[in-house]
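One letter stands for each residue in the lines below.
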Amino acid sequence: MAVIEPKNSLTVTDNRTGKSCEIPIENGAIRTIDLRQIKVSPDDFGLLGYDPGYMNTASCKSNITYIDGDKGILRYRGYPIEQLAERSNFLETAYLLIKGELPDKERLAVWTYNIRNNTLTHANMTKFLDGFRYDAHPMGILVGTIGALSTFYADAKDVANEESRKLQVRRLIGKIPTLAAMSYRHSMGFHYVLPDDDLSYTGNFLSMMFKMTEMHYKPNPVLERALDVLFILHADHEQNCSTSSVRGVGSSGVDPFSAIAAGCAALYGPLHGGANEAVIHMLKKIGSLDNVPAFIKSVKDGEGRLMGFGHRVYKNYDPRAKIIKEIAFQVFEETGRSPMLDIALELERIALEDEYFVNRKLYPNVDFYSGLIYQAMGFPLDMFPVLFAMGRVPGWLAQWIEQVKDSEQKIARPRQIYLGEDERNYVPIETRPKNRVDEQKFGICRL
Ligand code: ACO
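Now for a quick tour of the structure.

## Regarding the site of the ligand
Argument step 1. In the vicinity of the ligand lie 20 residues, with Arg 305, Leu 306, Gly 308, Arg 312 and Asn 365 positioned nearest.
Argument step 2. Interatomic distance of 3.3 Å between a side-chain N/O atom of His 272 and an oxygen atom of the ligand.
Argument step 3. Considering the ligand on its own, with 920 Å² of exposed area, one finds that the protein chains cover 72% of that surface.
Argument step 4. Across the shell around the ligand, the residue classes tally to 10 nonpolar, 5 polar and 5 charged.

## Details of the packing of aromatic side chains
Argument step 1. Taken as a whole and judged by the stated rule, the model has 16 aromatic pairs.
Argument step 2. Measuring from ring centre to ring centre gives 6.3 Å for Tyr 374 and Phe 379, while their planes differ by 85 degrees; the resulting arrangement is edge-to-face. As far as burial versus exposure is concerned, Tyr 374 and Phe 379 are alike and both buried.
Argument step 3. Taken together, the aromatic side chains of Phe 90, Tyr 184, Phe 190, Tyr 201, Phe 205, Phe 210, Phe 231, Tyr 374, Phe 379 and Phe 384 make up a single cluster linked through ring pairs.

## Comments concerning the side chain of His 272
Argument step 1. Summarising the element assignment, His 272 is placed in the loop between α10 (256-267) and α11 (275-286).
Argument step 2. You can call His 272 buried: its relative accessible area is 15%.
Argument step 3. Sequence-distant contacts of His 272, that is, excluding residues within four places in its chain, are made with Asn 240, Cys 241, Ser 242, Ala 266, Leu 267, Asp 367 and Phe 388.

## Quick look at the pattern of salt bridges
Argument step 1. Counted by the stated rule, this structure contains 21 salt bridges.
Argument step 2. Between Arg 16 and Asp 14 there is a salt bridge, with its nearest N and O atoms 2.9 Å apart.
Argument step 3. Taking relative accessible area as the criterion, Asp 14 reaches 9% and is therefore assigned buried.
Argument step 4. As a salt-bridge pair, Glu 408 and Lys 61 come within 3.3 Å of each other at their nearest N and O atoms.

## As for the nonpolar core
Argument step 1. Formed by 110 residues in total, the largest nonpolar core has its most connected members in Trp 111, Leu 142, Ile 173, Phe 205, Leu 306, Leu 347 and Phe 379.
Argument step 2. Here this core takes 12 residues from helix α17 (residues 384-405), the largest share from any one element.
Argument step 3. Counting residues domain by domain, this core receives three or more from each of domain 2 (72-267) and domain 3 (275-374).
Argument step 4. Every residue in contact with Trp 111, bar those within four places of it in the chain, is listed here: Leu 91, Ala 94, Tyr 95, Ile 98, Lys 99, Val 169 and Ile 173.

## Things to note about unusual backbone geometry
Argument step 1. Even without being a glycine, Glu 238 presents a positive backbone phi close to 40 degrees.
Argument step 2. Among the structural elements, Glu 238 can be located in the loop between α8 (221-234) and α9 (241-250).
Argument step 3. The exposure class assigned to Glu 238 is partly exposed, which follows from its relative accessible area of 23%.
Argument step 4. A positive phi angle, close to 55 degrees, is found at Lys 361, a residue other than glycine.
Argument step 5. Its place among the elements puts Lys 361 in the loop between α15 (355-359) and α16 (367-377).

Rules behind the numbers
- Residues numbered from 1 in each chain as written.
- Predicted model: local features only at pLDDT ≥ 70, side-chain atom pairs only at ≥ 80, totals over all residues.
- Heavy atoms only, no water.
- Near = heavy atom within 4 Å.
- Polar contact = N/O pair within 3.5 Å; in protein donor to acceptor, adjacent residues only side chain to side chain.
- Areas by Shrake-Rupley, 256 points an atom, 1.4 Å probe, with all protein chains shown as cover.
- Nonpolar A, V, L, I, M, F, W, Y, C, P; charged D, E, K, R; others polar.
- Phe/Tyr/Trp six-rings, centres within 6.5 Å; stacked < 30°, edge-to-face > 60°.
- Buried < 20%, exposed > 50% of the residue type's maximum accessible area, 1.4 Å probe, protein only.
- Helix = DSSP H or I, 4+ residues; strand = E, 2+ residues; numbered from the N terminus.
- Contact = heavy atoms within 4.5 Å.
- Salt bridge = Lys/Arg side-chain N within 4 Å of Asp/Glu carboxyl O.
- Core = buried A, V, L, I, M, F, W, Y, C linked by side-chain atoms within 4.5 Å.
- Domains from an automatic or database assignment.

No statement about biological role is implied by the geometric values presented.
What follows is the structure in structure tokens.
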């Protein structure tokens, strides 16, 4: 019997017209532009895909990060996150993400030198910082100052030039710890600390954050390594909200500082980079182990979410959460155990057994324990999304470069389904019916 070769295509029948068409399948996807040939009449625009939140739409082809959410797999350029967390360091992982391969010794030394050589910011940057209010959120400062970097480096506009791209990459990875630390010290009213070349990338960041009057700041090696691993775990996560923002803004051809500032702004939101802060607020609100069952009940009754649980992609477990939990114990050995850790452990224990969470495949995500670690290290809550952004910069840059070099990429421009008014004629204000506006409220708004 002849074997029928399966065809790599999709046959769609439009029941409105009875017509069928064949759409090619490539890499497990159809090009949604192929749906446009499906029309009810010649002047019909053609069928669109409707996908709010891009739940099932691939916006690019990528070689950087692989995630299998059902199996709990995360790999950068093919390397499992567990191996990188155990054996690599943040700058080496950044090299891997951006260049595609692990560096040899010499390349790593040059890469590290080039980044460390770019840690200083223009002196005018301090004037910028001085302009922010004393209580400005450091993430807001970071968004503003990264965007401002584009005004210092006009050459960054030359996005098609590979040498220019390399230079901006070094500048961004080099300067982000400096800006991050400055944003913190501004909010504390402390003097800014200059970078210290004798320290590692992460050690230097800790120095710029916490150095006071001592001649040389000596980072605690356990905390320094823990933070470095946290940066590795945050370094990329394929097409999440902030990375899609970097790609979307970058698709206009703008310089990378502006595109990365957009990524930072996206990361600021509580459903993305702000979740670890929300976890601490939640643990504080719960207050003691006795209150855990009542809190779990309130979540199940729909009165709020268990922050740090659930993920759009991971429906088994978040592999980063496992590693972070181990780091939490190492850090607490050094700093002393936080009572909130016990509440977190109890929440996790109950949630992993409770059918509400099990049925919805809700597991701890990267944010569940990271906030506790940051807090134990002495970072204020406001700094949590800033730390996330610092780790994510190499991933954003790798994705931005991939997009710039991808000949298939176009300016991001989604379609919409218009459900508004049909054409209507302008009505002069004298003849318009009176709007039902609460005049008093309107007055207050204008203040
Ligand atoms: N606590 C309680 N219930 C939850 C939670 C949670 N954390 N997350 C999802 N659910 C429930 C929803 O209520 C919904 O239940 P229903 O089917 O009865 O209506 C179901 O699970 C599916 O939820 P969705 O919101 O549709 O899932 P989605 O994939 O869109 O959301 C998200 C993912 C935003 C991360 C969500 O799980 C959440 O809000 N978690 C808490 C915030 C958080 O930790 N964010 C960090 C994410 S990791 C990161 O950005 C680095």
